[in-house]
Amino acid sequence: MLHKRNINKVTVLGSGVMGSRIACLFAGIGVQVLLLDIAPKELAESEKNKNLSLEDSAVKNRIVNEALAAAVKSSPSPLYTKEDLKNITTGNFDDDMKDIASSDWIIEVVIERLDIKRQVFDQVEKFRKPGTLITSNTSGIPIHLMAEGRSDDFKKHFCGTHFFNPPRYLRLLEIIPTEFTDQSVVDFLMHYGDLFLGKTTVLCKDTPAFIANRIGVFSIMSIFHIMDKLDLSIDEVEALTGPIMGRPKSATFRTADVVGIDTLVKVAMGVKESCPDDEAKEIFVIPGWLQKMVDNKWLGDKTGQGFFKKTKSANGQKEILVLDLKTFEYAPRQKPKFASIETAKPIEDIKQRIKAVSKGNDKAGEFYRQFHYSLFAYISNRIPEISDELYRIDDAMKAGFGWEIGAFETWDVLGVKETVEAMKREGYKVADWVNDFLAEGNTSFYKVENGKRLYFDVSSKKYLPLPGGDSFIILSDLTEKTVWKNSACNLYDLGDEVVGLSWNTKMGSIGSEVLEALNKSIAIAEEKYKGLVIANEGPQFSAGANVGMIFMYAAEQEYDELDMAIRLFQNTTMRIRYSSTPVVVAPHGLTLGGGCEICLHADKVQAAAESYIGLVELGVGLIPGGGGTKEFTLRASDAIQHNEPATIPLQNRFFTIGTAKVSTSAFEAFDMGILRKGKDEISINQSRRIAQAKESVIEIFDSGYTKPVQRSDIKVLGREGLGMLYAGINGMFRGNYISEHDVLIAKKLAYVMCGGDLSEVTLVNEQYLLDLEREAFLSLCGQKKTLERLQSVLKTGRPVRN
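These remarks concern the structure in this document. Since we're looking at a predicted model, the values are computed, not measured.

### Re empty space enclosed by the protein
If you walk through the whole model with that rule in mind, you get one cavity of 30 Å³ or more. Considering only enclosed or pocket space, the largest cavity measures out at about 50 Å³ in volume. What lines the largest cavity is Thr-633, Ala-636, Ser-637, Ile-640, Ala-646, Leu-650, Lys-715, Val-716, Leu-717 and Met-753. Among the secondary structure elements, those contributing two or more residues to the lining of the largest cavity are α26 (628-638) and β24 (714-716). It is α26 that contributes the most residues to the lining of the largest cavity, three residues altogether. Here the residues of the lining of the largest cavity sort into seven nonpolar, two polar and one charged.

Structural data, given as structure tokens:
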């Protein structure tokens, strides 16, 4: 049935924060979207001044148009590119509900009131063609209540589809069927959400708050109670519940401010009232200080203050204050210190880091133990209530709340048997199935056999393969298939005569060990395999070259060492380009500087849609030195058209490097000339990119891959180009847009991209440009202000402006 249903047009009913952004998500993948909302009942003052009436289309569509405009202007953008907006048509319920008849999927996203949703569905029933998918984005109203009283065809094609905000960036899509939903509809939505929307689709039961919010809100409420018990401050909890334990930077209280404290309280109260048999329902009792915040209308970002408050200091600088829950006064933020946290910070591996902090003898260690005991007891008792399979709970928390590691995965890390024994001593009760699980000799909820990840299925009491099969390649599960490794990198056998290289460094930074691994991996692939995939599984692909190493060499004036390091990087990217076997790179997240240069030299790039790619070296006072400047010059040469000045492609690519521009999506990277149309591809679902990159390697190899020939036909413009670029640089300086040091860097970049001070247009080879690139890079490393920028990046993560 899956292949017989196509989604060409979607109608979104309701244009609020979620509705307009869901519309943008579909528009971004090329689907035509009809976005509808109610017509206003009163004229705005501006409409009165124009003598408009409530019947004018501009008035009737005001609510939907203003909502969409606000969404498009928001940051981060809900669109992959601005051009996607053309795929959205707006309208109103009164005039345009009839147009839903041509839609393949209708998504209701109106206010969270059952009576209003039922009124909307009454209208939908009048115009919806039989067989059309109809779903609700509700986050809390029982799905079966919305299905009551509807036609059989409606009920057969109806279920919940709960997107998380912002829908482009949060990967969770909960699918909640009713007893009437046709299985083929469920299967289709699970598949479509994964493959086309890039979501982690999680099948949920129709229980209060479904899966992610049930567990997520429990976790937050549990933290609130543990905080009171251990007498911790907000700043202390934020330090404990952020990246150190594999959670987003927004940690606990910042997350609550963003979501809305009233929303958090509403969900917590809803679970407590709707789940009288929940053994932990007392955790959902609202603490007095939290209720006081709701009463004060201190609801977070939506009211301008919550747990945090933005203000200005006496000298006019922006300042973020934090609420003292004892005095209910705001005060400057503090940076708490915990011995166990300081010990764990240098540990890159999240599993080892969680182990370390949970063993701490200080207050932080006690916090982690109490939190995990509470969480583990709760999730064990939610099976089979909210899900029959434990992996769905982990998937929901990772995709919906940004947890780097799932709850059951964390339990495995800390040791199921040891933790259960400790929990019992502390008075926590796990579900009976966990005791049976241990009694049968099992030791972990997940395990890997022959490179395949298995999960423990509670109902059958057997280990079963995770769904997805070969569509999802998890490199960390392939340790038994390691072909080669060093202390930072691993080369795995991906099967079908393809190998995959990944590295585990801070922010995916590229140092000598990564460069060694790239060269070694290509050599191994050339000798024994069809090709190589380069990919990482951390939060980012790569933030670029190791800035610390560059700073050390430059500060100590070790220019010979620095020259060797740059040559090694250049030789490595050229090795990627001119290997005798296909090399496909599969980036995701930040792909900056050296990470971008690796992509620029691959046979193909299989980028995750959420890839933020760019050559950012000018921000630290340098130019791209790993072949990036050379490659952009080459591509500018290839882009020269007979009917336009040769300076235009050069100017465009110079501007991209000169402004250190980073794409806001992989789609935008095509417009910037980083990804190549007709050659590189995008994986909407980040989790599929490695498997798709592997398929590309096989396809390229089987089509008769031959080693490319180095280019010697690159057209550089010499003085003609320099004159044009220098004029632009000087204009920027006179307008006070750039500093003197920026002028120096920009002119070095221009010199390389124009091929030097040549008297006429000349054809050069790649090595010629690489030598110019390296010389410019080295000369800039000797600049005092470049060293200041590099030092600033090392200290703060941001370059100073000098």
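### Re the sheet that holds strand β18 (residues 531-534)
Spatially, the seven strands line up as an open sheet ordered β15-β16-β17-β18-β19-β21-β23, and their pairing is mixed. A strand with exactly one partner marks an edge of an open sheet, and here the two such strands are β15 (482-485) and β23 (681-683). Ignoring strand direction, the axes of neighbouring strands in this sheet form an average angle of 25°. Direction of pairing for β18 relative to strand β19 (residues 583-585): parallel, over a ladder of three bridges. In the strand pairing of β19, Val-533 is matched with Val-584. In the packing of helix α29 (residues 689-702) onto the sheet, the strands contacted are β16 (489-495), β17 (498-503), β18, β19, β21 (604-608) and β23, and the crossing angle to β21 comes to about 165°.

### Some remarks on the packing of helix α18 (residues 390-400) against helix α19 (residues 407-414)
Relative orientation of the contacting elements α18 and α19 amounts to 105°, with a least axis distance of 7 Å. Overall, the two elements α18 and α19 adopt an arrangement that is roughly perpendicular. Contact residues: α18 offers Leu-390, Ile-393, Asp-394 and Lys-398, while α19 offers Ala-407, Phe-408 and Glu-409. Classifying every residue of the contact of α18 with α19 gives four nonpolar, no polar and three charged.

### Quick look at the nonpolar core
Counting residues in hydrophobic clusters, the biggest one holds 113 residues, and the most contacted among them are Phe-307, Phe-408, Trp-411 and Trp-433. Not counting chain neighbours up to four residues away, the residues in contact with Phe-408 comprise Ile-379, Ser-380, Ile-383, Leu-390, Ile-393, Asp-394, Trp-433, Phe-445 and Tyr-446. Counting 109 residues, the second largest nonpolar core, distinct from the first, contains Phe-26, Leu-35, Ile-107 and Ala-746.

### Regarding the environment of Phe-654
On the secondary structure map, Phe-654 appears in helix α27 (residues 647-658). Taking the relative accessible area as the measure of exposure, Phe-654 reaches 11% and is therefore buried. Sequence separation between Phe-654 and Thr-633 is 21 residues; the distance between their C-alpha atoms is 8.4 Å. Sequence-distant contacts of Phe-654, that is, excluding residues within four places in its chain, are made with Leu-725, Ile-729, Ala-746, Leu-749, Ala-750 and Met-753.

### A few points about the sheet that holds strand β4 (residues 105-108)
Taken in spatial order, the eight strands make up an open sheet running β3-β2-β1-β4-β5-β6-β7-β8, and their pairing is mixed. The sheet terminates laterally at β3 (88-92) and β8 (200-203), the two strands that pair on one side only. The sheet shows a mean angle of 25° between the axes of neighbouring strands, direction not considered. Here helix α9 (residues 183-195) sits on the sheet and contacts β4, β5 (133-136), β6 (158-163), β7 (172-177) and β8; the angle it forms with β8, its principal contact strand, is near 155°.

### Quick look at the packing of aromatic side chains
Enumeration according to the criterion identifies 34 aromatic pairs in this entry. Between Trp-298 and Phe-328, the aromatic rings sit 5.7 Å apart at their centres with planes inclined by 25°, giving stacked as the arrangement. One end of the pair, Trp-298, is in the loop between α14 (288-295) and β9 (308-312); the other, Phe-328, is in the loop between β10 (318-324) and β11 (329-332), with 30 residues separating them in the sequence. The class for Phe-328 is buried, based on a relative accessible area of 11%.

### What about helix α30 (residues 719-734)?
An ideal rise of 1.5 Å per residue puts 22 Å on 16 residues; α30 measures up with 22 Å between its terminal C-alpha atoms. Those residues of α30 that fall on the buried side of the exposure criterion are Gly-721, Leu-722, Leu-725 and Ile-729. On an axial view of α30, the arc spanned by its buried residues comes to 95°, and they lie on one face. Summarising the contacts, the buried residues of α30 are in contact with α27 and α31 (740-753). Where α30 terminates, the next one or two residues include Asn-736, which has phi positive at roughly 60°.

### Examining the pairing of β11
The sheet contact formed by β10 and β11 spans four bridges and is antiparallel. Among the inter-strand pairings, Asp-324 is bridged to a residue of β11, identified as Glu-329. Between the antiparallel neighbours β10 and β11 lie four residues, among them Phe-328 with a positive phi of about 60°.

### Let's talk about the environment of Glu-366
Turning to its location among the elements, Glu-366 is positioned in helix α17 (residues 363-381). Considered as a pair, Glu-366 and Ile-226 are 140 residues apart in the sequence and their alpha carbons are 9.7 Å apart. Aside from chain neighbours lying at most four places away, what touches Glu-366 is Leu-230 and Gly-360.

### Focus on a negative patch on the surface
The grouping of Glu-556, Glu-558, Asp-560 and Glu-561 at the surface amounts to a negative patch. Here Glu-556 is to be found in the loop between α23 (547-555) and α24 (559-577). With relative accessibility at 53%, the residue Glu-556 sits in the exposed group.

Cut-offs applied
Residues numbered from 1 in each chain as written. Predicted model: local features only at pLDDT ≥ 70, side-chain atom pairs only at ≥ 80, totals over all residues. Heavy atoms only, no water. 1 Å grid on protein atoms, 1.4 Å probe; cavity = no way out; pocket = protein on both sides within 12 Å on 5 of 7 lines; lining within 4 Å. Points joined across faces, edges and corners; volume = space filled by probe spheres on them. Helix = DSSP H or I, 4+ residues; strand = E, 2+ residues; numbered from the N terminus. Nonpolar A, V, L, I, M, F, W, Y, C, P; charged D, E, K, R; others polar. Pairing = 2+ DSSP bridges. Axes fitted to C-alpha atoms, helices over the stretch in contact; angles between N-to-C directions. Contact = heavy atoms within 4.5 Å. Parallel < 35°, antiparallel > 145°, perpendicular 65-115°, else oblique. Core = buried A, V, L, I, M, F, W, Y, C linked by side-chain atoms within 4.5 Å. Buried < 20%, exposed > 50% of the residue type's maximum accessible area, 1.4 Å probe, protein only. Phe/Tyr/Trp six-rings, centres within 6.5 Å; stacked < 30°, edge-to-face > 60°. Expected span 1.5 Å × (residues − 1). Arc of directions from axis to C-beta. Patch = residues over 30% accessible without salt bridge, like charges linked within 9 Å, V, L, I, M, F, W, Y side chains within 5 Å. Areas by Shrake-Rupley, 256 points an atom, 1.4 Å probe, with all protein chains shown as cover. Salt bridge = Lys/Arg side-chain N within 4 Å of Asp/Glu carboxyl O. Lys, Arg positive; Asp, Glu negative; His and termini not counted. Charge placed at Lys NZ, Arg CZ, Asp CG, Glu CD.

Function cannot be read off these values alone, since they describe shape.
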